[in-house]
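Each chain is listed here by its residues.
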Amino acid sequence: MTAAFMDLVDVTIVNVAIPSIQQDTGASFTSIQWITAGYALAFAAGLITGGRLGDIHGRKRLFLIGIGGFTLASALCGFAVNPEMLVASRILQGGTAALMVPQVLSIVHATFPAHERGKVFGLFGAIVGLGAVMGPLLGALLTEWDIAGLAWRPIFLINLPVGVAGLVLGSRFITESKAPKALRLDLVGVVLVTLGLLMLIYPLTRGRELGWPLWGHLSMVGSLLVFLVLVLFERAKARKDGSPLIELSLFQIKSFAAGIAVQLTFGIGLGIFFLVWTLYMQMGLGWSALRAGLTGVPFSVAVSAAAGISVQKLVPRFGRKVLQTGVLLMITGLLLYTVEADRYGMGITSWQMAPPLLVMGLGMGLIVAPLTDAVLSEVPKEHAGSASGLINTVQQMGNAIGLGLVAVVFFGSIDDRLAPQQAGPAFAEAFRHSLWWVAGVLAVIFLVMFALPARPRQHLEGGGDAVTGGPEGSGPVRGRPADDGDRAGTVSAPGTGTAREPGAAPGTEIASGTGSRTHSVSDADAAPDRTPVPTP
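What you are looking at is a predicted structure, and each value in this text was computed from that prediction instead of being measured.

S.K.: I'd like to hear about the overall build of the protein, residue by residue, with values.
M.R.: Counting secondary structure elements, the protein contains 17 helices and two strands. Counting the 536 residues in the protein, one finds 55% classified as buried. Looking at the protein alone, contacts between residues at least 24 apart form 82% of all its contacts between residues at least 6 apart.

Here it is as structure tokens:
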């Protein structure tokens, strides 16, 4: 969770300090763009590879390497002597974050049983809420305080004690886990996925600043061809040696495929909202970075509070309806925000923004933690790293697409030749216009969520973890196709959430007392002196 918080904060904390960095280092406009874009590109391009490396070499090991590298890169950023060193250090920071972040969800999925993961994902959702708003607030505070005359440098140096603490705690308390059968890194897949993501995300990240050049459009179209080649190669790789970079069989799991679609669309909506919201407050209303950061505190508190109860209390009882209620709450908050912004105009205050932000925060809190739980609920443990990398990559792609769409939904409604006194009202009007777009994206998400299971598998009555390698000829677990783990007679991950269908052969699950949950059976458990007890 420390690693997830560090990454979330680092993504947003830099934007607030850009003016101070430019003034102190004399960085050019291009260098400033690369300070933010370099991190995002390295992070997005390495997530899938980082997740798979955890499956192969051990998730704890990759986590510690990642957090150690991230801490070192943060120190290099903080002590950078020129813009070139800062850009290079930011790229290194993004690359090491790509090793660190995918391990967070995969360690949770592989380590905790299904009945405990709800608590952990609730905490994860609370961290997401805090990180989303704490970045700008911390950036503003650290820059304005000018600690020891260091100006912007503490925004990176603050990662040092946090990173060291993460290393110490991680080495002591995290249990090592990896895929049960030996996997090899798919180097061709690494090259293809990295190339495809760069061709897609780089133009989206810098397209607006560069005026959407022709090469950017060609690059994005070309990325689709690269992804097509990647899919064909990964299928052949899976048939050949069962060790692809991306486990395409995951997309045959309904909950995973539907969850990935929701993650992508949700990322688009958030990418649009958070950028136009910042532009509205700081450039439209003329607020300081600190005031803008403090305005977001109600949103952060609401996300954290709702995330804490959604997975543990609400989803087990109401299932998918909780996530859809969260979407409806976010749409309600956006509409309320539109009314407030129109009513108070340029005189709107932070207190008047608080009610819509609270409603939106509650809605987001009902989504972020249960969605992650739902996406991973049926994923086999041996593919947890690959799945986690895909989830994070899709989120980054969604955010990048959302940022690219800001040029259309926000700047597209602003006249290029505005008098200074017209800029504020024009930005406020563009913000209200953008909120309708975000509401439309959320409406699409509401519909896509119908493809999610009505209730996550680990919350079904009698649901739990099942043996994949049961009696000979029994076949794989329901909900996913046979994979190499099934053929080898291995057991599924604790908490993969598969439930025995009515009429399925008995003896494939172990009842947990008189409760409704079941637990997976390891090879040791299946020994003669510990025979699985059939579920009635």
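Anyway, onward from the coordinates.
S.K.: Which residues make up helix α4 (residues 83-111), and what are the values?
M.R.: Taking 1.5 Å of rise per residue, 29 residues should cover 42 Å, and α4 covers 42 Å from first to last C-alpha, within 8% of that figure. At Val104, α4 is bent by approximately 30°, the largest bend along its length. With 21 of its 29 residues buried, α4 lies for the most part within the structure. A side-chain oxygen of the first residue of α4 lies 3.2 Å from the backbone nitrogen of Glu84; this N-cap is Asn82.

S.K.: Run through the packing of aromatic side chains, naming residues and quoting values.
M.R.: For the structure on display, the rule yields 14 aromatic pairs. Seen in terms of ring centroids, Trp277 and Phe299 are 6.4 Å apart; in terms of plane orientation they differ by 55°. Their pairing is tilted. Of this pair, Trp277 sits in helix α10 (residues 254-284) while Phe299 is found in helix α12 (residues 297-318), placing the two residues 22 residues apart along the sequence. Each member of the pair, Trp277 as well as Phe299, carries the same accessibility label: buried. Following the ring pairs from residue to residue traces out a cluster consisting of Phe273, Phe274, Trp277 and Phe299.

S.K.: Kindly report on the side chain of Thr49, identifying the contributing residues and their values.
M.R.: Along the chain, Thr49 falls in helix α2 (residues 29-57). With relative accessibility at 11%, the residue Thr49 sits in the buried group. If sequence neighbours within four positions are ignored, Thr49 has contacts with Leu185, Val190, Val193 and Leu245.

S.K.: Quick rundown of the pattern of salt bridges? Include the residues and the values.
M.R.: A complete count under the given rule lists six salt bridges for this structure. Measuring nitrogen to oxygen at the nearest pair gives 3.5 Å for the salt bridge that ties Arg52 to Glu247. One end of the pair, Arg52, is in helix α2; the other, Glu247, is in the loop between α9 (214-241) and α10, with 195 residues separating them in the sequence. The pair formed by Arg52 and Glu247 is uniform in burial state, with each residue classed as buried. Taken together, the shared-partner salt bridges in this structure form one network comprising Arg52, Asp55, Arg59 and Glu247.

S.K.: Tell me about a nonpolar patch on the surface, and please be specific about residues and values.
M.R.: Among the surface-exposed residues, Leu72, Leu76 and Leu92 lie close enough to one another that they form a single nonpolar patch of about 240 Å² accessible area. Tracing the chain through its elements places Leu76 in helix α3 (residues 59-78).

S.K.: Give me the lowdown on the side chain of Gln93, citing residues and values where you can.
M.R.: Along the chain, Gln93 turns up in helix α4. There is a polar contact of 2.9 Å between the side chain of Gln93 and the side chain of Ser74. Not counting residues within four places of it along the chain, the set of residues in contact with Gln93 comprises Asp10, Tyr39, Phe70, Ala73, Ser74, Cys77, Phe156 and Asn159.

S.K.: Can you tell me about the nonpolar core, naming the residues and giving the values?
M.R.: With 79 residues, the main nonpolar core has Phe256, Phe266, Tyr280, Tyr337, Met353, Phe410 and Leu442 as its most contacted residues. Sorting elements by how many residues they give to this core places α10 first, with 14 residues. When near neighbours in sequence (up to four residues on either side) are disregarded, Phe410 contacts Val276, Leu279, Phe427, Ala430, Phe431 and Ser434. Within the second largest apolar cluster, 19 residues are counted, among which are Ala17, Ile18, Ile21 and Val87.

S.K.: For the packing of α10 against helix α13 (residues 320-344), give the residues involved together with the corresponding values.
M.R.: Axis angle and axis distance: for two packed helices, these are the angle between their axes and the distance between the axes, and together they describe the pair. With their axes 14 Å apart at the nearest point, α10 and α13 run at an angle of 20° to one another. As far as their axial angle goes, α13 and α10 are roughly parallel. By crossing handedness, the relation of α10 to α13 is classed as left-handed. Residue-level inspection shows Phe266, Leu270, Phe273, Trp277 and Tyr280 of α10 in contact with α13, the latter providing Met330, Leu334, Tyr337 and Ala341.

Reading the values: rules and limits
Residues numbered from 1 in each chain as written. Predicted model: local features only at pLDDT ≥ 70, side-chain atom pairs only at ≥ 80, totals over all residues. Heavy atoms only, no water. Helix = DSSP H or I, 4+ residues; strand = E, 2+ residues; numbered from the N terminus. Buried < 20%, exposed > 50% of the residue type's maximum accessible area, 1.4 Å probe, protein only. Contact = heavy atoms within 4.5 Å. Expected span 1.5 Å × (residues − 1). Bend = angle between axes of the 7 residues up to and from the residue. Polar contact = N/O pair within 3.5 Å; in protein donor to acceptor, adjacent residues only side chain to side chain. Phe/Tyr/Trp six-rings, centres within 6.5 Å; stacked < 30°, edge-to-face > 60°. Salt bridge = Lys/Arg side-chain N within 4 Å of Asp/Glu carboxyl O. Patch = residues over 30% accessible without salt bridge, like charges linked within 9 Å, V, L, I, M, F, W, Y side chains within 5 Å. Areas by Shrake-Rupley, 256 points an atom, 1.4 Å probe, with all protein chains shown as cover. Core = buried A, V, L, I, M, F, W, Y, C linked by side-chain atoms within 4.5 Å. Axes fitted to C-alpha atoms, helices over the stretch in contact; angles between N-to-C directions. Parallel < 35°, antiparallel > 145°, perpendicular 65-115°, else oblique. Left-handed = near helix turned anticlockwise from the far one by under 90°.

Just geometry here; none of it tells us what the structure is for.
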